[in-house]
Amino acid sequence: MKQLLKSVFMKVESPYGTNSTPTSADVILCENVEINPLQMQTDDHAPVSNKFGQRDKIVGAMWCTVQFDVVTGAGGTPVGALGGLPSYDSVLRAGCMARSITPGTRIIYSPIDSGEESATIRYHVDTAQFVLLGVRGELEWIFEAGKATRMRFTGIGLRQPMTDAASGAYTLPTRPRPLAMNNANTLVRLNEIFSLRVQQMNIKLGNKVEYVNRSSQEEIILTDRVSSGGITFELPSVAEQNFLGASGLCTLATQTSLWIAMSVGQPEGNRIGWYMP
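Rules behind the numbers
Residues numbered from 1 in each chain as written. Predicted model: local features only at pLDDT ≥ 70, side-chain atom pairs only at ≥ 80, totals over all residues. Heavy atoms only, no water. Salt bridge = Lys/Arg side-chain N within 4 Å of Asp/Glu carboxyl O. Helix = DSSP H or I, 4+ residues; strand = E, 2+ residues; numbered from the N terminus. Phe/Tyr/Trp six-rings, centres within 6.5 Å; stacked < 30°, edge-to-face > 60°. Buried < 20%, exposed > 50% of the residue type's maximum accessible area, 1.4 Å probe, protein only. Lys NZ or Arg CZ within 6 Å of the ring centre and 35° of its normal. Core = buried A, V, L, I, M, F, W, Y, C linked by side-chain atoms within 4.5 Å. Contact = heavy atoms within 4.5 Å. Pairing = 2+ DSSP bridges. Disulfide = S-S within 2.5 Å. Patch = residues over 30% accessible without salt bridge, like charges linked within 9 Å, V, L, I, M, F, W, Y side chains within 5 Å. Areas by Shrake-Rupley, 256 points an atom, 1.4 Å probe, with all protein chains shown as cover.

This paragraph deals with the pattern of salt bridges. Oppositely charged side chains may form a pair once their charged atoms are brought near each other. Using the criterion set out here, one finds 12 salt bridges in the structure. With a closest N to O distance of 2.9 Å, aspartate 89 and arginine 93 form a salt bridge. One end of the pair is aspartate 89 and the other is arginine 93, both in helix α1 (residues 89–94) and four residues apart, which spans about a single turn.

Next up, the structure:
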């Protein structure tokens, strides 16, 4: 098996856990793919015996895990239309985000607490085929100066039997070239009053997804969300923006709530943004 020959296809499914049959049109441009096709839960079985040794375990459940990175970029034109969707639309929706389209203006993805969707993943390594159903997961965005923005998806899916099947011919989707985080392409604003000089940043959506297998239910469920992140930026002078001085934003006395807005890209159809209250 030639490990470097890999293909990933992903498509939103409905109803849950039903194979949406991803085709060549659903190929995902991803990096650093790691799929574990067999995770299991076992129950110890240790009957009394007149001999030492490990006894067989009882397998209670089996599932799969998946992780990959996507270099993020906008969907191109027309803006605010199905034709301008980013190529990783299915990844965002499997990450428990809802899509809202404003024709001619923008496409917004927002985290949701109910009604989350799921996806089918078809994954090939050379001529081996793996299929994961009901996939849901966590999203993390990674920003670093001089590098393209990446989104990491870490998901869980329902296991299907491995088969021998090549991916078949496909064409990589056409999209605007992703842009690096730099002075020309990126703006990070604090409370819409100060532009931060950011070296690196990450945003974790914080989805807590769990595999559940009990009577009348086998599903990946969203149980909680605790968003977090980190940022490294050049500390400005007190005169520019008071962070640590007397009555600054980050003191015990003030404890000011802050929010950050960030955008990467300038041309129409190749601009993406994040709003973090």
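Bringing the packing of aromatic side chains into the picture now. Counted under the stated rule, the structure contains seven aromatic pairs. For the ring pair tryptophan 63 and tyrosine 211, a centre distance of 4.8 Å and an interplane angle of 25° mean the geometry is stacked. On the criterion of sequence distance, the pair formed by tryptophan 63 in strand β3 (residues 58–71) and tyrosine 211 in strand β13 (residues 207–214) is long-range, its members being 148 residues apart. Here tryptophan 63 and tyrosine 211 have matching classes, each one buried. The cationic tip of arginine 122 hangs over the ring face of phenylalanine 9; the distance from NZ or CZ to the ring centre is 4.1 Å.

One broad rule of soluble globular proteins: the nonpolar side chains tend to lie buried together. Ranked by size, the top nonpolar core spans 47 residues in total, and within it Phe68 and Trp141 carry the most contacts. At seven residues, the largest contribution of residues to this core is made by strand β7 (residues 128–144). Phenylalanine 68 has contacts with Met10, Ile28, Cys30, Glu31, Asn32, Val33, Val91, Ile121, Met151, Arg152 and Phe153, leaving out every residue within four places of it along the chain. One finds Leu133, Ile156, Leu158 and Leu222 within the second-largest nonpolar core, a separate group that totals 11 residues.

The subject of this paragraph is the pairing of β13. Sheet topology note: the β13/strand β14 (residues 217–225) ladder contains eight bridges and is antiparallel. The residue of β14 that forms the bridge with asparagine 213 is glutamate 218. Between β13 and β14, which pair antiparallel and follow one another directly, the connecting turn spans two residues, one of which, serine 216, has a positive phi of 65°.

Right, let's talk about the sheet that holds strand β17 (residues 272–276) for a bit. Pairing in this open sheet of four strands is antiparallel, and the strands run β11-β10-β16-β17 from one edge to the other. Looking at strand neighbours, the two that pair on one side only are β11 (194–195) and β17, the edges of this open sheet. In this sheet, strand β16 (residues 260–264) lies alongside strand β10 (residues 186–190) in antiparallel orientation, the contact comprising five bridges. Its bridge partner being in β16, arginine 189 is matched across the sheet by alanine 261.

All right, on to unusual backbone geometry then. Cis rather than trans, the peptide bond between serine 14 and proline 15 has omega equal to 0°. Following the sequence through the fold, proline 15 ends up in the loop between β1 (6–13) and β2 (31–43). Phi is positive for cysteine 96, close to 65°, though the residue is something other than glycine. Structurally, the position occupied by cysteine 96 is in the loop between α1 and β4 (97–102). With a phi angle near 50°, asparagine 191 is a residue other than glycine that sits in the positive phi range. Inspection of the secondary structure puts asparagine 191 in the loop between β10 and β11.

This brings us to the state of the cysteines. Each disulfide consists of a covalent bond between the sulfur atoms of two cysteine residues. The tally for this structure, following the rule as stated, stands at zero disulfides. Cysteine 64 supplies the cysteine sulfur nearest to cysteine 30, a cysteine that is in no disulfide, at a spacing of 16 Å. Residue classification places cysteine 64 among the buried residues on the basis of a relative accessible area of 2%.

For the rest of this paragraph, the subject is the side chain of serine 90. Mapping serine 90 onto the fold places it in helix α1. Residues within four places of serine 90 in sequence aside, it is in contact with Met10, Lys11, Val12 and Ile28.

What follows is about the pairing of β17. Alternating residues of β17 divide into Ile272, Trp274 and Met276, all buried, and Gly273 and Tyr275, none buried. Bridge count between β16 and β17: five bridges; the pairing is antiparallel. Across the sheet, isoleucine 260 pairs through a bridge with methionine 276, a residue of β17.

The next subject is a nonpolar patch on the surface. Together, Leu38, Met40, Val59 and Met62 make up an exposed nonpolar region whose accessible area comes to about 320 Å². Contributing elements (two or more residues each) for the nonpolar patch: β2 and β3. Of note, methionine 62 is situated in strand β3.

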